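Below are the chains, spelled out letter by letter.
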Amino acid sequence: MGKLLRLDKYLADMGVGTRSQLKEWIRKGRVAVNGETVRSPEQKVAFGTDRVEVDGVLVGYVEKEYYMLNKPAGVVSATEDARHKTVLDLISSRQRKDLFPVGRLDMDTEGLLLITNDGELAHRLLSPKKHVDKVYYVKTDRPIPEDTKKRFSQGIQMEDGTVFQPASMERETDTSAYLTIQEGKFHQVKRMFLAVGCQVIYLKRISMGPLRLDDTLACGAYRKLTEEEIRNLYER
Ligand code: URA
């Protein structure tokens, strides 16, 4: 038998309605479990085993969801926003209502964003103690100075006192590079390049720990993580 949870919670998790709406619908007899109308919101159901229907429509249950999004510029890394589209608005096939982006990319940053409701995994990936590598592709407005690789590798102190831990940079051209950092401070990549006199004019995240952006995903597209990708994220 699957794990047990309350009928109203089962339906609320799947975004069918609010808890209070659902209580009312259940009391009105709109919800059936294994073909029998159930009028008690507290009734326990086993997900994966019990068949839950609302107005005759089957509602399946998923406990965890994991998506890789190739974030486009112009959307915010938040669950809700009054003015802008959010990254969650792009995940049209999502089932759960409690998904969130693991970390933030700036509005104008593109690339890899993991979207899930797995809080434990998010913590493992975001905790500074875990030192998870994040690789960014950067284009700058002017040639990156010669000594940048060395300066980044030693850690860099900003005028406001912020210290960025050692990071590794691989130059692609005079004005483009891959930067690997293990922290996730506010505007970190842009601020690091500003410290060496360059403005970042394009920024894209390529990977996070073992998870690499699928290069077949167009900007704005997403897909589910594979079982192997999820396992690798846990095992790192
Ligand atoms: N560093 C930045 O400056 N911006 C991002 O979106 C991510 C890392």
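Look up: the structure comes first, before these words.
Read on for a plain summary of the structure. (Residues numbered from 1 in each chain as written. Predicted model: local features only at pLDDT ≥ 70, side-chain atom pairs only at ≥ 80, totals over all residues. Heavy atoms only, no water.)

### Details of the site of the ligand
- With respect to spatial proximity, the complete set of residues near the ligand consists of Leu105, Asp106, Thr109, Tyr136, His187, Gln188, Val189, Lys190 and Leu203.
- The backbone of Asp106 places a nitrogen or oxygen atom 2.7 Å from an oxygen atom of the ligand.
- In this structure, an oxygen atom belonging to the ligand sits 2.8 Å away from a side-chain N or O atom of Thr109.
- The fraction of the free accessible surface of the ligand (240 Å²) that becomes covered by protein chains is 95%. (Near = heavy atom within 4 Å. Polar contact = N/O pair within 3.5 Å; in protein donor to acceptor, adjacent residues only side chain to side chain. Areas by Shrake-Rupley, 256 points an atom, 1.4 Å probe, with all protein chains shown as cover.)

### Side note on the nonpolar core
- Counting residues in each nonpolar core, the largest one holds 30 residues, and the members touching the most others are Ile115, Val138, Phe152, Leu179, Val189, Met192 and Phe193.
- Secondary structure elements with two or more residues in this core: strand 7 (66-71), strand 9 (110-116), strand 10 (134-140), strand 14 (176-181), helix 5 (188-195) and strand 15 (200-208).
- Not counting the four nearest positions on each side in its chain, Met192 is found in contact with Phe152, Ile156, Phe164, Ala167, Leu179 and Ile181. (Core = buried A, V, L, I, M, F, W, Y, C linked by side-chain atoms within 4.5 Å. Buried < 20%, exposed > 50% of the residue type's maximum accessible area, 1.4 Å probe, protein only. Helix = DSSP H or I, 4+ residues; strand = E, 2+ residues; numbered from the N terminus. Contact = heavy atoms within 4.5 Å.)

### Observations regarding the layout of surface pockets
- Put simply, the largest pocket is a space of about 390 Å³.
- Lining the largest pocket are 22 residues; nearest its centre among them are Arg104, Tyr136, Gly184, Lys185 and Arg205.
- Listed by contribution, the elements that provide at least two residues to the lining of the largest pocket are strand 10, helix 5 and strand 15. (1 Å grid on protein atoms, 1.4 Å probe; cavity = no way out; pocket = protein on both sides within 12 Å on 5 of 7 lines; lining within 4 Å. Points joined across faces, edges and corners; volume = space filled by probe spheres on them.)

### Quick word on the sheet that holds strand 2 (residues 31-33)
- Spatial ordering of the open sheet is given by 3-2-5-6, a layout of four strands whose pairing is antiparallel. At either margin of the open sheet sits one strand with a lone partner, and together these are strand 3 (36-37) and strand 6 (57-58).
- Summarising the sheet, strand 2 and strand 5 (residues 52-54) pair through three bridges and their orientation is antiparallel. Its bridge partner lying in strand 5, Val31 is registered against Val54. (Pairing = 2+ DSSP bridges.)

### Focus: the packing of aromatic side chains
- Inspection of every chain in the model, using the stated rule, returns six aromatic pairs.
- For the ring pair Tyr10 and Tyr61, a centre distance of 4.8 Å and an interplane angle of 35° mean the geometry is tilted. Of this pair, Tyr10 sits in helix 1 (residues 7-13) while Tyr61 is found in the loop between strand 6 and strand 7, placing the two residues 51 residues apart along the sequence. The burial state of Tyr10 is the same as that of Tyr61; both residues are buried.
- Consider the rings of Tyr67 and Tyr222, whose centres lie 5.6 Å apart with planes at 80°: the pair is edge-to-face. Taken together, the residues span a long stretch of sequence, with Tyr67 in strand 7 and Tyr222 in strand 17 (residues 222-224) at a distance of 155 residues.
- The buried category is assigned to Tyr67, whose relative accessible area is 1%.
- Every member of this aromatic cluster is reached through a ring pair, and the members are Tyr10, Phe47 and Tyr61. (Phe/Tyr/Trp six-rings, centres within 6.5 Å; stacked < 30°, edge-to-face > 60°.)

### So, helix 3 (residues 119-126)
- Of all the residues in helix 3, the buried ones are Leu121, Ala122 and Leu125. For helix 3, the buried positions fall inside an angular range of 100° around the axis, keeping them on one side.
- Contact partners of the buried residues in helix 3: strand 7, strand 8 (100-101), strand 9, strand 15 and helix 6 (227-235).
- The opening residue of helix 3 is Asp118, an N-cap whose side-chain oxygen sits 3.2 Å from the backbone nitrogen of Glu120. (Arc of directions from axis to C-beta.)

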